[in-house]
Structure formats: C-alpha cells, structure tokens
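Chain by chain, the residues:
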Amino acid sequence: MTSAVNHFTHGPLTPLLAYVMSCLGSMLGLRLTAQAHASRGAARARWLLGAAVSIGGTGIWVMHFIAMMGFDVKGTQIRYDVPLTAASAIVAIVVVGTGLFLVSYGRGRLPALLGGGLLTGLGVASMHYLGMYAMNMSAHVSYDRLTVAGSVAIAVVAATAALWFTLRVKKPVWITGAALVMGVAVSGMHYTGMAAMHVTVDAEAGAVAGADALDFLVPLMTVISLITLTMLLMVILSPSEEELHEDAELVARLELRRRAAQQERHLAYPGSAVPAPSRRAHPQPTWTRDR
C-alpha cells in the first residue's frame, strides 16, 4: 500500500516559516563574515565560527526541520532518532564552517571557492538525507535517484553562490538581497530532495521508536535560534567594517596633523624640540661697583 505523502500538512505556514528562518540565518551569517573580513587573528576565526552556526545551524538545519513539521505520512507515526538528528545539525555547521574557512583564508581564489562550494554542497545534501534517515516510520522508504542527484546539484550550486556572497557582499542592502536568494536556494534543495522520497506503509503498523517532533525538535530548534539571536546582538553592538575603516582614517589624519605640527616647530626652532614661546628670557642681574 503506497501512502499519501503530504509535505504541507499545515498549508503554507511551515514553508513560509522555514524560508524566513533560512533568510534570517543567511543574513546574519553574511553579516558575520563581513565582520570577519574586517578582523584579524583569533577574532576573525570567532566571527567565521559564528557565521557557520548562523548559516549551517539556523539557515539550513532549522529551516529543514521547520519544513519537516509540515511533513506527514498517512497511516503511520513519524518519530526521530535523537543521535542521528543531532548529528545532522553538527554536519550542517561543520561543513559550512569548513567552506567559510577555506574561502576566507584562501583569499577568494577560484580553486578555494569551487572546492569549498563542492565540499559544503555535498555536506549540506548529506545533512538533508541524514535527517531524513533519522525519521522512523512503520513503512518502507525509497528515493528516486535522478531527483536525488538534482537536489545534490542544487546544494552544490547554492553553496558555491553562498560562499561567493560572503566574499563580495558587505553593504546591508546587498546582504539582504543575497540572503533572500540563499533562502530560495536552500528551500529549493530541501523540497527537491523531499520530492525524491517514496513511502510504502507497512500492512500492519508496528511500534515506532524515537522521539516525537514536539518533544525533541522544537526545544533543539529553540536553542539554536536563541544562539543566533545572541550573535545578532553581538553584531549589532560591534562596529561595522565601514565604521572601522572610518575610525582608521580618522586616526591616520590625526597622526598626520601631529607630525606636521612637529615639523613646523622644528623648522621654526631648529635643534629644539620645545617651542620657543615656552622658553622665557630671564634678565641678568647688573652688578655695580661702588667707588
């Protein structure tokens, strides 16, 4: 018996919420990478790690499982394997972080961009299908290979474009536009992968092991979302790249003025580092001799 698979149990609510979360995670991730490019040393690495959590955790993983809240198979319960589901979140964050570090420290070279995009895209696709494998149902699940290949191709192209955005996009208006595009790409990859899924419910329904989505996924998504909001506050309170550049220019101008003033004093009073007005000429006492 082939079941009726419904990807939109709650109508457009779950796809819309999933898209919004993907855009928010991508937007914050792009803002964090811009902050990383304006930083050096350990601070740069910390900003990139934050971007990995934002894009991989919120923009991809949270988006995936919000969309899964609208997934339903008639005739069987759906439960989730806790370790595998948690592992899928770690995979998403690690592969995105790896791609960001490759591109950032590779100085945007084409081999680094293409290699990072391929690695990140394959990792994101792995996260998706690992998350699907973590679903327990009283049913047999199979996948259409051609559609799976299409979803992987979308993931690789989307990941490469996302990494390119992290190198080129810095202004808020362009970050917003890039995040909207990334949200479309992530959602497209997810629903293409879901379209590849075929479910055949068992004739006799058995007990389904695992955790219920509301008991496990919602708290985990809430934690990741709170971490994202915390990083958003950090970004808001931190100076932007433009502000850092303006501060550096101001310091440079002040230093030039100080040096110019020193040079003028040196030319006016050669051989002296102290301005002449500060040297007072004291009258010498006149001694008279009584005759």
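Look a little higher up for the structure.
About the criteria used
- Residues numbered from 1 in each chain as written.
- Predicted model: local features only at pLDDT ≥ 70, side-chain atom pairs only at ≥ 80, totals over all residues.
- Heavy atoms only, no water.
- Patch = residues over 30% accessible without salt bridge, like charges linked within 9 Å, V, L, I, M, F, W, Y side chains within 5 Å.
- Areas by Shrake-Rupley, 256 points an atom, 1.4 Å probe, with all protein chains shown as cover.
- Salt bridge = Lys/Arg side-chain N within 4 Å of Asp/Glu carboxyl O.
- Helix = DSSP H or I, 4+ residues; strand = E, 2+ residues; numbered from the N terminus.
- Axes fitted to C-alpha atoms, helices over the stretch in contact; angles between N-to-C directions.
- Parallel < 35°, antiparallel > 145°, perpendicular 65-115°, else oblique.
- Left-handed = near helix turned anticlockwise from the far one by under 90°.
- Contact = heavy atoms within 4.5 Å.
- Nonpolar A, V, L, I, M, F, W, Y, C, P; charged D, E, K, R; others polar.
- Core = buried A, V, L, I, M, F, W, Y, C linked by side-chain atoms within 4.5 Å.
- Buried < 20%, exposed > 50% of the residue type's maximum accessible area, 1.4 Å probe, protein only.
- Polar contact = N/O pair within 3.5 Å; in protein donor to acceptor, adjacent residues only side chain to side chain.

S.K.: Would you mind going over a nonpolar patch on the surface in detail, with residue names and values included?
M.R.: A contiguous nonpolar patch, built from Leu 16, Val 20 and Leu 24 and spanning about 260 Å² of accessible area, is present on the exposed surface. Mapping Leu 16 onto the fold places it in helix H1 (residues 13–37).

S.K.: Hey, could you go over the pattern of salt bridges for me, with residue numbers and the actual values?
M.R.: This structure, assessed with the given rule, holds two salt bridges. Glu 255 is paired through a salt bridge with Arg 258; the nearest N and O atoms lie 2.6 Å apart. Of this pair, Glu 255 and Arg 258 are both found in helix H8 (residues 241–268), three residues apart, which corresponds to roughly one turn of the helix. Between Glu 255 and Arg 259 there is a salt bridge whose closest N-O contact spans 3.1 Å. Placement of both Glu 255 and Arg 259 in helix H8 is noted, with a separation of four residues, approximately one turn of the helix.

S.K.: Tell me about the packing of helix H2 (residues 41–68) against helix H6 (residues 172–195), and please be specific about residues and values.
M.R.: The geometry of H2 relative to H6 is characterised by a closest axis approach of 10 Å and an angle of 45° between their N-to-C directions. Relative to H6, the element H2 lies oblique. Considering the relative orientation of H2 and H6, their crossing is right-handed. Side by side, H2 and H6 meet where Ile 55, Gly 59, Ile 60, Met 63, His 64, Ala 67 and Met 68 of the first sit next to Met 182, Val 186, Ser 187, His 190, Tyr 191 and Met 194 of the second. Classifying every residue of the contact of H2 with H6 by side-chain character gives nine nonpolar, four polar and no charged.

S.K.: Give me the lowdown on the nonpolar core, citing residues and values where you can.
M.R.: Counting 60 residues, the largest nonpolar core has Trp 61 and Met 135 as its most contacted members. Where this core is concerned, the elements lending two or more residues are H1, H2, helix H3 (82–105), helix H4 (110–133), helix H5 (145–168), H6, strand E6 (197–201) and helix H7 (213–237). Broken down by element, the residue count for this core peaks at 13 residues, all from H2. In contact with Met 135, other than residues within four places in its own chain, are Met 68, Phe 71, Ile 78, Arg 79, Tyr 80 and Met 197.

S.K.: Account for the environment of Leu 30, with residues named and values stated.
M.R.: Among the structural elements, Leu 30 can be located in helix H1. You can call Leu 30 buried: its relative accessible area is 0%. Those residues in contact with Leu 30, other than ones at most four positions away along the chain, are Ala 162, Phe 165, Thr 166, Ile 175, Ala 178, Ala 179 and Met 182.

S.K.: Give a detailed account of the packing of H2 against H4, specifying residues and quantitative values.
M.R.: Between H2 and H4, whose axes approach to 11 Å, the crossing angle comes to 35°. The interaxial crossing formed by H2 with H4 has right-handed handedness. Taking contact as the criterion, the partners of Ile 60, Trp 61, His 64, Phe 65 and Met 68 in H2 are, on H4, Val 124, Met 127, His 128, Gly 131 and Met 132. Looking at the contact of H2 with H4, its residues break down into seven nonpolar, three polar and no charged.

S.K.: Before we move on, can you summarise the side chain of Thr 76 with the specific residues and values?
M.R.: Position of Thr 76 relative to the elements: it lies in the loop between strand E2 (72–73) and strand E3 (79–80). What makes Thr 76 buried here is its relative accessible area of 13%. A polar side-chain atom of Thr 76 sits 2.9 Å from the main-chain amide nitrogen of Ser 138. Not counting the four nearest positions on each side in its chain, Thr 76 is found in contact with Met 137, Ser 138, Val 201 and Val 208.

S.K.: I'd love a proper account of the environment of Gly 123, names of residues and values included.
M.R.: With respect to the helices and strands, the residue Gly 123 is situated in helix H4. For Gly 123, a relative accessible area of 8% gives the class buried. It is 9.8 Å that separates the C-alpha atoms of Gly 123 and Gly 99, two residues lying 24 residues apart in sequence. With sequence-adjacent residues up to four places away left out, Gly 123 is seen in contact with Val 91 and Val 95.

S.K.: Would you mind going over the environment of Leu 214 in detail, with residue names and values included?
M.R.: Along the polypeptide, Leu 214 turns up in helix H7. Under the relative-accessibility criterion, Leu 214 is labelled exposed at 57%. With residues near it in sequence (within four places) discarded, Leu 214 still touches Met 69 and Pro 219.

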